[in-house]
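A closer look at the structure
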Amino acid sequence: MITVVVVDDSAFMRKALSSMLEKDPEIKVVATARDGQEGLEMIRKHNPDVVTLDIEMPRMDGLTALRHIMMEMPRPVLMVSSLTVEGAEATLKAMELGAVDFIPKQLSKVSLDIVKIEEDLQEKVKHISRRRFIPPRPSRPVRPVAAVNGTAAATAAAPKPVVARNGRPTRDIVAIGVSTGGPPAVQKVLSQLPADFPATILIAQHMPAAFTGPFAKRLDGVCKITVKEAETGDKIAPGMAYVAPGGKHIRLDLRGGRMELVVTPEPADALYKPSANVLMESVGNSVGRKALGVILTGMGSDGAEGMRVLKQKGGRSIAQSDASCVVYGMPKAVVDAGLADEIHDIDDIAEAIMAGLYK
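The paragraphs below set out a description of the structure included in this document. Counting of residues starts from 1 at the beginning of each chain's written sequence and follows it residue by residue. Residue-level local features of this predicted model are given only where pLDDT is at least 70; pairs of side-chain atoms are given and counted only at 80 or more, and the full residue set underlies all totals for whole chains, interfaces and linings. Hydrogens and water are ignored here; the side-chain numbers use all heavy atoms of the structure.

A run of DSSP states H or I qualifies as a helix once it reaches four residues; a run of E qualifies as a strand once it reaches two. Both are numbered from the N-terminal end. Within the chain one finds eleven helices and 14 strands. Split into buried and exposed, the 359 residues of the chain put 56% on the buried side. For the chain, the accessible area works out to roughly 15,200 Å², and carbon and sulfur atoms hold 51% of it. Throughout, exposure labels follow a simple rule: accessible area from a 1.4 Å probe, protein chains only, divided by the maximum for the residue type, with under 20% read as buried, over 50% as exposed, and the rest as partly exposed. Each accessible area is a Shrake-Rupley result for a 1.4 Å probe, and residues are judged covered by the shown protein chains and nothing else.

So, in C-alpha cells, the structure goes:
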C-alpha cells in the first residue's frame, strides 16, 4: 500500500485529491494538513511514501515546507500548482529544491478533465513511490522550523562543465524528449554545455502552456547557451536551445533546402502536446544523419516511435539510465526497442551529447 499525506489550505482540494487518490486500491491517504507547518507534523507522524504539497498557504508556505522535508525527512513530493506564470515560477523553484513533479490545482467540473487529472495523479504517485528517491545535496543547513519565512535552500552542487571539442561536428541538431522529473534533468544537462556549443537543441518537455515560457527563461538564466520558448521562424544556429510551447508541437522542417523551425498545434490528436514523437520524427526526416536524439526521464513511451524514424534515417540516440531517472518510462521504451546507441546517467548526458555530435 502506498501512503500519502495531502497538504493544502483548501478544504475542497484536500477532499478532492484524497478522493481521487483513494479510488486506486493501491493508494491510501493517511493524513491531510491545512498548511506547511501542520504538514510537517503529519509527515513526521505518518512517514508517508509520497506528499502532495500546495504552494500558497498560511503560516508556512509550500516552498518553506519543502526545504524542511528535503533536509529532515526527504521523500517524493508532488507540488499542487496553479496554471499561471506565477504558479509556474514557484513550481519550477520547487523542483529545483527537490520536488519530483507537479499536478494542476484547477480541477474543472467537466468530468472528462477530472478523470484525466485523476488518472495522471494516481499514475504519478505510483511511479514515483517505486523509485529510489535521491534528495538534492544541501549547500548550507536549513533554518529551524520556527523560522517559517526562512530562505535557506537545498541546492545541488554546481555541475562540472563540458569542454568544447575541436573540429566540425558531424551532427548539429539535438532533439530532447522528456516528461516527469524533466525540468531539473534538462537544467542539469544544458547548464553543463559550453557557450560555443556547435549545435541547435530542440526540447519537447511535457508541460502546460503557462510553464514553458518561465521554464525557458529560467534555463536561459543558468546556461551559457541561449534558451528561449520556440516560435515559428526561430533561427537554427549553434548555441541555441528552443523549448516547445505547452499545448503545441515543435517540428524541424526542410523547405527549399533550408531548415525551418515550426510551432504547430497539429497533429491535434497527439496524446502529448508537445510530443517527443512529433519532434524526433521531424528531425529524423529533415536532417537524418545530422541528428542526435536524447530521451530523458518520463512516464509512458512518447519519443520511441519518433526515435525509430530518426534512427532509420541515420541519426544517433542517447537514453537516460534507469538508475538516474525519476520515472524510467520513456527511456525504457527506447532501450527495450533496441533504439538506444548509448545509455548514461543524467550527470553524464551533457558529455555524451557533446561526444555524440562527433560520432
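From this point, the narrative continues.
Attention now goes to the sheet that holds strand S8 (residues 226-229). Strand order in the open sheet formed by seven strands is S8-S9-S7-S6-S12-S13-S14, and the pairing between neighbours is parallel. In this open sheet, the two edge strands, each paired with only one partner strand, are S8 and strand S14 (342-344). For this sheet, the mean inter-axis angle between neighbouring strands, taken without regard to orientation, is 20 degrees. Sheet topology note: the strand S6 (residues 173-178)/strand S12 (residues 291-295) ladder contains five bridges and is parallel. Any two strands between which DSSP finds at least two bridges are classified as paired. Interaxial angle, 0 to 180 degrees, is taken between N-to-C directions of lines fitted to C-alpha atoms, where a helix line uses only the stretch in contact.

This part covers the sheet that holds strand S5 (residues 101-104). With parallel pairing, the five strands of this open sheet are ordered in space as S2-S1-S3-S4-S5. The open sheet terminates on both sides in strands that have one partner only, identified here as strand S2 (27-33) and S5. The mean inter-strand angle of the sheet, taken between neighbouring strand axes irrespective of direction, is 25 degrees. Bridge analysis of strand S4 (residues 77-81) against S5 gives four bridges, and the strand direction is parallel. Following the sheet pairing, Leu 78 is matched in S5 by Asp 101.

For helix H3 (residues 62-72), the tally of buried residues reaches nine of eleven residues, placing the bulk of the element in the interior. Any two residues whose heavy atoms approach within 4.5 Å at even a single point are treated as in contact. On its buried face, H3 is in contact with helix H2 (36-46), strand S3 (50-54), S4 and helix H4 (85-97).

A few words on unusual backbone geometry. The amide bond that connects Glu 266 to the next residue, Pro 267, takes the cis arrangement and shows omega of 5 degrees. Here Lys 273 and Pro 274 are connected by a cis peptide whose omega angle stands at 10 degrees. Inspection of the secondary structure puts Pro 274 in the loop between strand S11 (258-264) and helix H8 (276-287). Despite not being glycine, Asn 47 has its phi angle at roughly 50 degrees, a positive value. The residue Asn 47 is located in the loop between H2 and S3 in this model. Its identity as a non-glycine residue notwithstanding, Arg 59 has a phi of 65 degrees, on the positive side.

Below, the discussion takes up the environment of Gln 320. With respect to the secondary-structure elements, Gln 320 resides in strand S13 (residues 316-320). For Gln 320, a relative accessible area of 1% gives the class buried. It is 5.1 Å that separates the C-alpha atoms of Gln 320 and Leu 296, two residues lying 24 residues apart in sequence. The residues touching Gln 320, leaving out its near neighbours within four places in the chain, are Ile 295, Leu 296, Thr 297, Cys 325, Tyr 328, Pro 331, Ile 343, His 344, Ile 346 and Ile 349. For this analysis, a polar contact is any N or O atom pair within 3.5 Å, provided that within protein one partner can donate a hydrogen and the other can accept it, and provided that sequence-adjacent residues contribute only side-chain to side-chain pairs. Reaching out from Gln 320, the side chain makes a polar contact with the backbone nitrogen of Thr 297 at a distance of 3.0 Å.

Let's shift gears to helix H11 (residues 349-356). Summarising burial for H11: seven of the eight residues are buried, a large majority. Turning to H11, its buried residues are Ile 349, Ala 350, Ala 352, Ile 353, Met 354, Ala 355 and Gly 356.

Right, let's get into the pattern of salt bridges. Salt-bridge detection follows one rule: a side-chain nitrogen of Lys or Arg within 4 Å of a carboxyl oxygen of Asp or Glu. As enumerated under the stated definition, the model contains 25 salt bridges in all. As a salt-bridge pair, Glu 123 and Lys 126 come within 3.5 Å of each other at their nearest N and O atoms. Within this pair, Glu 123 and its partner Lys 126 are both found in helix H5 (residues 111-130), separated by three residues, close to a single helical turn. Taking relative accessible area as the criterion, Glu 123 reaches 33% and is therefore assigned partly exposed.

Now for the environment of Leu 97. Mapped onto the secondary structure, Leu 97 falls in helix H4. The class of Leu 97 is buried, set by a relative accessible area of 1%.

A few words now on the packing of aromatic side chains. Between the rings of Phe, Tyr and Trp (Trp by its six-membered ring), a pair exists once the centres lie within 6.5 Å; its type follows the angle of the planes, with under 30 degrees stacked, over 60 edge-to-face, and the other angles tilted. Applying the stated rule across the entire model yields one aromatic pair. Ring geometry for Phe 102 against Phe 211: centres 4.6 Å apart, planes inclined by 20 degrees, an arrangement best described as stacked. Placement of Phe 102 in strand S5 and of Phe 211 in helix H7 (residues 209-222) is noted, with a sequence separation of 109 residues between them. A single burial state applies to Phe 102 and to Phe 211, both of which are buried.

Below, the discussion takes up the packing of helix H6 (residues 182-191) against H7. In the contact formed by H6 and H7, the axes pass within 10 Å of each other and the chain directions differ by 30 degrees. Where H6 crosses over H7, the two elements pack in a sense that is right-handed. Facing Pro 183, Val 186, Gln 187, Leu 190 and Ser 191 of H6, the residues of H7 in contact are Phe 215, Arg 218, Leu 219 and Val 222. Residue classes in the contact of H6 with H7 are distributed as six nonpolar, two polar and one charged. Crossing handedness is read from the near helix: turned anticlockwise from the far helix by less than a right angle, it gives a left-handed crossing, and turned clockwise, a right-handed one. Only Asp, Glu, Lys and Arg are considered charged, only Ala, Val, Leu, Ile, Met, Phe, Trp, Tyr, Cys and Pro nonpolar, and every remaining residue, Gly among them, polar.

All we've got here are geometric facts, nothing functional implied.
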